[in-house]
Amino acid sequence: MPLNIGCTARPGRGRDNKTGSWRVFYPIFTEETCTGCEICVLLCPEGCIEKKGEKKYVPDLDYCKGCGLCAEECPGDAITMEKEEK
Amino acid sequence: MKEILEGSHAVAEAVRLCRPQVVSAYPITPQTHIVEALASMVADCKLDAEYICVESEFSALSACIGASTAGSRTYSATTSQGLALMYEVCFNAAGMRLPIVMTIANRAMSAPLSIWNDQQDSISLRDSGWIQLYAEDNQEALDLHLLAYRVCEDHDILLPAFVCFDGFILSHTYEPVDMPTQEEVDAYLPAFNPYQRLDAKDPISFGMYATPDYYMEFRYENQRAMLRAKEAIVRYGTLFKEQFGRDYSGLIEGYELEDAEIALVAMGSICGTVKDAIDEMRKDGIKVGLLKIRCFRPFPDEEIAAALAHVKTVAILDKNVSLGSKGAVGLEIKDALYGSSIAVYDYILGLGGRDIRKKDIRAITKLAEQGSGDMFYGLREELL
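What counts, and at which threshold
Residues numbered from 1 in each chain as written. Chains lettered and ligands numbered in written order. Predicted model: local features only at pLDDT ≥ 70, side-chain atom pairs only at ≥ 80, totals over all residues. Axes fitted to C-alpha atoms, helices over the stretch in contact; angles between N-to-C directions. Helix = DSSP H or I, 4+ residues; strand = E, 2+ residues; numbered from the N terminus. Parallel < 35°, antiparallel > 145°, perpendicular 65-115°, else oblique. Left-handed = near helix turned anticlockwise from the far one by under 90°. Contact = placed C-beta atoms within 7 Å. Nonpolar A, V, L, I, M, F, W, Y, C, P; charged D, E, K, R; others polar. Core = buried A, V, L, I, M, F, W, Y, C linked by C-beta atoms within 7 Å. Buried ≥ 20, exposed ≤ 12 C-beta atoms within 10 Å, placed from the backbone. Domains from an automatic or database assignment. Pairing = 2+ DSSP bridges. Arc of directions from axis to C-beta.

Draft legend 1. Focus on the packing of helix H3 (residues 57-69) of chain B against helix H5 (residues 87-95) of chain B. All names here are of chain B. For the pair H3 and H5, interaxial distance at closest approach is 9 Å and the crossing angle is 15°. By the angle class used here, H3 and H5 are roughly parallel. For the element pair H3 and H5, the recorded crossing hand is left-handed. In this structure, H3 contributes Phe-58, Leu-61, Ser-62 and Ile-65 to the contact, and H5 contributes Val-89, Cys-90, Asn-92 and Ala-93. Taken together, the residues that form the contact of H3 with H5 break down as 6 nonpolar, 2 polar and no charged.

Draft legend 2. Examining the interface of chain A and chain B more closely. Taken together, the 12 residues of chain A in the interface contact 20 residues of chain B. Here the side of chain A that touches chain B is composed, by residue class, of 6 nonpolar, 5 polar and 1 charged.

Draft legend 3. Region of interest: the environment of Lys-55 of chain A. Residues and elements named next belong to chain A. The residue Lys-55 is located in the loop between strand S2 (49-53) and strand S3 (56-59) in this model. Spatially, the C-alpha atom of Lys-55 lies 21 Å from that of Cys-67, the residues being 12 residues apart in sequence. Apart from the residues within four sequence positions on either side, Lys-55 is in contact with Glu-31, Cys-34 and Gly-36.

Draft legend 4. Highlighting the environment of Asn-117 of chain B. Residues and elements named next belong to chain B. Within the secondary structure, Asn-117 sits in the loop between strand S5 (101-106) and helix H6 (120-123). For the pair Asn-117 and Gly-167, spaced 50 residues apart in sequence, the C-alpha separation works out to 5.2 Å. Ignoring any residue separated from it by four or fewer positions in sequence, one finds Asn-117 in contact with Asn-106, Arg-107, Asp-166, Gly-167, Phe-168, Ile-169 and Gly-353.

Draft legend 5. Main features of the nonpolar core. Ala-148, Val-151, Ala-161, Val-163 and Val-265 of chain B are the most contacted members of the largest nonpolar core, which totals 125 residues. No other element matches the 9 residues that helix H7 (residues 138-152) of chain B contributes to this core. When residues of this core are assigned to domains, at least three fall in each of domain 1 (2-244) and domain 2 (252-383) of chain B. If we skip the residues at most four places from it in the chain, Val-265 of chain B touches Leu-291, Ile-293, Val-314, Ile-316, Leu-317, Val-329 and Ile-333 of chain B. Within the second largest apolar cluster, 10 residues are counted, among which are Phe-29, Cys-40, Cys-44 and Ile-49 of chain A.

Draft legend 6. Structural context of the sheet that holds strand S11 (residues 288-293) of chain B. All names here are of chain B. In space, the 6 strands of this open sheet follow the order S9-S11-S10-S13-S14-S15, with mixed pairing throughout. Pairing within the sheet leaves two strands with one partner each, and these edge strands are strand S9 (252-255) and strand S15 (375-376). Alignment of strand S13 (residues 313-318) against strand S14 (residues 343-348), held across 6 bridges, turns out to be parallel. Each bridged residue has a counterpart across the sheet, and for Val-314 the counterpart in S14 is Val-344. Each of S9, strand S10 (262-266), S11 and S13 touches helix H10 (residues 270-283); the most contacted strand, S11, lies at about 165° to it. Contacts between helix H12 (residues 328-336) and the sheet are confined to S10, S11, S13 and S14, with S13 contributing the most and set at about 150° to the helix.

Draft legend 7. Geometry of the packing of H10 of chain B against helix H13 (residues 358-369) of chain B. Residues and elements named next belong to chain B. Where H10 meets H13, the closest approach of the two axes is 9 Å, and the angle between their N-to-C directions is 65°. Crossing hand, H10 versus H13: right-handed. Of the residues in H13, those in contact with Thr-273, Val-274, Asp-276, Ala-277, Glu-280 and Met-281 of H10 are Lys-358, Ile-361, Arg-362 and Thr-365. Here the contact of H10 with H13 is composed, by residue class, of 4 nonpolar, 2 polar and 4 charged.

Draft legend 8. Highlighting H5 of chain B. Residue and element names in this part refer to chain B. Turning to H5, its buried residues are Val-89, Cys-90, Ala-93 and Ala-94. End-on view of H5: buried residues confined to an arc of 135°, all on one side of the axis. Contact partners of the buried residues in H5: H3 and helix H9 (215-244). With its phi angle positive at about 60°, Arg-97 sits one or two positions after the end of H5.

Listed below in structure tokens is the structure:
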């Protein structure tokens, strides 16, 4: 993020503020048990889970805050939360 | 042209000459006469500005923030509880780096309710990132508004400023003032040229959030801008002197200070009383002088240390108290003189409109000579 005078930002430039550093736990997606229901994509408050292929969902760790909603709601228990090592 | 005006009306005239495009304020004693006068000027087409009536001081300064981000020169005025209600907004204006100028007609803080003068209100906002200038008389109050806009709008500074003048003692007192013409003010203060502004065709947001990875650097930049303002105030104060003949080239001012052994340090209207007391004491052979602080934020620590290097004793007259500690000016002077052998004493006086007379200044000078200080001066012992 640039140090603009007055902390100004252009539309969409909220992306400059990477919020992934807030995270304590991060999600691990298991393709074998994934049903491809996409509930995780719909529920993610950050909208940072992207479909990369059949039953392949990838969180953008620059923005994932580690809330764990995806893991909690996943019907196939295909998402687990792991402690972040920093 | 010389005129006899009430202090509030002298300030209102000065503000009119600065051509603010948006004025938003909420009435509160003893500031009300300023914004009443400005409202009349707008109604009478003597000032081409939007006058935004609001329901509180919080909204008044918030409206100024909106107008300033939209690219307007903005003005407000308040005091005491009104300024306290703006607390949050003050920090936002400074962080967004908006050159808003606001007059503070200094008044005591409640409780107990007091409409009378001390400087607790603006002193309590010392950490908010606003430049703070203090006027000794109504001429200086008038002039400092021109200087404040000139400094604040410099693209190397971009900070808001309080112009502080003592409530009632100045705001409600008629004094002769030399009122500059519109042409003279226009020559000194160019039209507002915003560094950046809200524009629907090229949208930006002000004051976005900063995570722990960035916040400190924004604060550091604010601090650097504040420190740069010292040089800018001197530069534009010098320019003012060249154009209007009145000298504001210093963040501080000395009176009989060169050969003084005791220095009194003060801010605001009390300086006039102190100068009269010094004249009397000099006749009695007491080597006493005054160091007047015109600019409290940024604090001129190095300038003060240099100006006081030769004195034996310093007595600070504080019209505020940081409860549980000392007077705010006293604390800063002690910091500025740290490591020197000068005896430094702080005196808290004049709170809530308690009169300060020449004999009080003489008594404090004597107390400092005797090595007695860091105390409330002038308490009514029979009440305690």
